[in-house]
Amino acid sequence: MLDRGQQYAQRGFKGTISTLGDFRKFVLRGNVVDLAVGVAIGAAFNTVVQGFVKDLIDPLIAIFGAPSLNTLKYTGTPFSTTNPWLYGDFLSLLISFLITAFVIYFFVVKPVNTLMALHKRDEPAPTTKECPFCTSLIPIRAVRCPECTSQLPPEQANAAGV
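Not measured: the values here are computed from a predicted model.

Engineer: Please explain unusual backbone geometry as it appears in this structure.
Structural biologist: Phi is mostly negative for residues that are not glycine, and the peptide bonds are mostly trans. Phi is positive for Thr135, which is not a glycine, with a value near 60°. Unlike most non-glycine residues, Thr149 shows phi in positive territory, near 60°.

Engineer: Just checking my understanding: could you explain the side chain of Asp58 for this structure?
Structural biologist: The topology assignment puts Asp58 in helix α2 (residues 30-62). Lys54 provides the closest opposite charge to the buried, unpaired Asp58, separated from it by 7.9 Å. Residues in contact with Asp58, not counting those within four places in the same chain, are Val53, Pro67, Ser68, Leu69 and Asn70.

Engineer: Where do I start with the nonpolar core in this structure?
Structural biologist: Most often, soluble globular proteins have nonpolar side chains that are buried together. Membership of the largest hydrophobic core is limited to 5 residues, which are Cys131, Ile138, Ala142, Cys145 and Leu152. If we ignore the near neighbours within four places in the chain, the residues touching Ala142 are Lys129 and Leu152.

Engineer: What is the right way to look at the confidence of the model for the protein in this model?
Structural biologist: Residues shown with low pLDDT carry predicted positions that ought not to be read at fine detail. Mean pLDDT over the protein: 77, with 80% of residues reaching 70 or higher. Within the model, the stretch residues 156-162 combines pLDDT values under 50 with 9 contacts to residues more than four positions away or in other chains.

Engineer: How should I be thinking about the side chain of Ser96 in this particular structure?
Structural biologist: Mapping Ser96 onto the fold places it in helix α3 (residues 87-119). On the basis of relative accessibility, which here comes to 2%, the residue Ser96 falls in the buried class.

Engineer: What is the right way to read α3 from this model?
Structural biologist: Each α-helix winds once per 3.6 residues, and so residues spaced three or four apart point in a common direction. Between its first and last C-alpha atoms α3 spans 46 Å; for 33 residues at 1.5 Å apiece the expected length is 48 Å, and the two agree. Helix geometry: α3 is bent most strongly at Tyr105, by close to 35°.

Engineer: Whenever I open this one, a nonpolar patch on the surface confuses me. Can you help?
Structural biologist: Where nonpolar side chains cluster on the molecular surface, the patch consists of Phe102, Ile104, Tyr105, Phe106, Phe107, Val108, Val109, Val112 and Met116 and spans about 870 Å² of accessible area. Secondary-structure assignment places Phe102 in helix α3.

Engineer: Looking at this structure, how should I read the packing of aromatic side chains?
Structural biologist: Working definition: an aromatic ring pair is given by the centre-to-centre distance plus the angle between the planes. The tally for this structure, following the rule as stated, stands at 2 aromatic pairs. Ring centres of Phe102 and Phe106 lie 4.7 Å apart, and the angle between their planes is 50°; this geometry places the pair in the tilted category. Taken together, the residues span about one helical turn, with Phe102 and Phe106 both in helix α3 at a distance of 4 residues. A centroid spacing of 4.9 Å and a plane angle of 85° characterise the contact between Tyr105 and Phe106, whose relative ring orientation is edge-to-face. By way of ring pairs, the aromatic residues Phe102, Tyr105 and Phe106 are connected into one cluster.

Engineer: Looking at this model, I keep getting lost on the environment of Phe97. Mind explaining?
Structural biologist: With respect to the element layout, Phe97 can be found in helix α3. For Phe97 and Asn46, which are 51 residues apart along the polypeptide, the C-alpha to C-alpha distance reads 8.5 Å.

Conventions and cut-offs
- Residues numbered from 1 in each chain as written.
- Predicted model: local features only at pLDDT ≥ 70, side-chain atom pairs only at ≥ 80, totals over all residues.
- Heavy atoms only, no water.
- Helix = DSSP H or I, 4+ residues; strand = E, 2+ residues; numbered from the N terminus.
- Buried < 20%, exposed > 50% of the residue type's maximum accessible area, 1.4 Å probe, protein only.
- Lys, Arg positive; Asp, Glu negative; His and termini not counted.
- Salt bridge = Lys/Arg side-chain N within 4 Å of Asp/Glu carboxyl O.
- Contact = heavy atoms within 4.5 Å.
- Core = buried A, V, L, I, M, F, W, Y, C linked by side-chain atoms within 4.5 Å.
- pLDDT = per-residue confidence, 0-100.
- Expected span 1.5 Å × (residues − 1).
- Bend = angle between axes of the 7 residues up to and from the residue.
- Patch = residues over 30% accessible without salt bridge, like charges linked within 9 Å, V, L, I, M, F, W, Y side chains within 5 Å.
- Areas by Shrake-Rupley, 256 points an atom, 1.4 Å probe, with all protein chains shown as cover.
- Phe/Tyr/Trp six-rings, centres within 6.5 Å; stacked < 30°, edge-to-face > 60°.

Spelled out as C-alpha cells, the structure:
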C-alpha cells in the first residue's frame, strides 16, 4: 500500500501528463496554428515595409531639404528646449503603417472577400412549414395538415404560392 506522499506524487505526475496532453491539443488546433503563422508573416512583412520606408521613402524626403524622416524635429517647444519633439520618427512609423494597411487590405482582405462571395451558396427555399394548430412539419404547399387534419388559414396558403 502506498503512503500519502506517494499517492500525491502519482496523482501529480498523472495530472501533469494530462495537462501537457491538453496543451498539445490546444496548440495543434487549426486556428491557433493559423494565428501563429499569420503573426509570423505579419512580423516579416512589417520588417520589409520598415526597410522600404527607410531605404526608399526617406531619400525622397531629402529632396525637400531634410536628410531623412528620422532627423526631422521641432526644437521650439515651450515646455523644454533641451528635448526636441521628434516628429520625423512618428511620420516614418505612420507611413509604414499606412503602407502595411494598404497592402493588407488590397492584397489580402479584398481577394478573400471576393472569393468568399463567389463560393457563398444561396440558401434553398424552404420545403416545409409548421402547422399552426399542432406544430408538426408539413409540406409548404399543403392546405390541410396531415397530422391534425386542420384546414390551414388562407393567408398561409397564399403565402406558399397556392
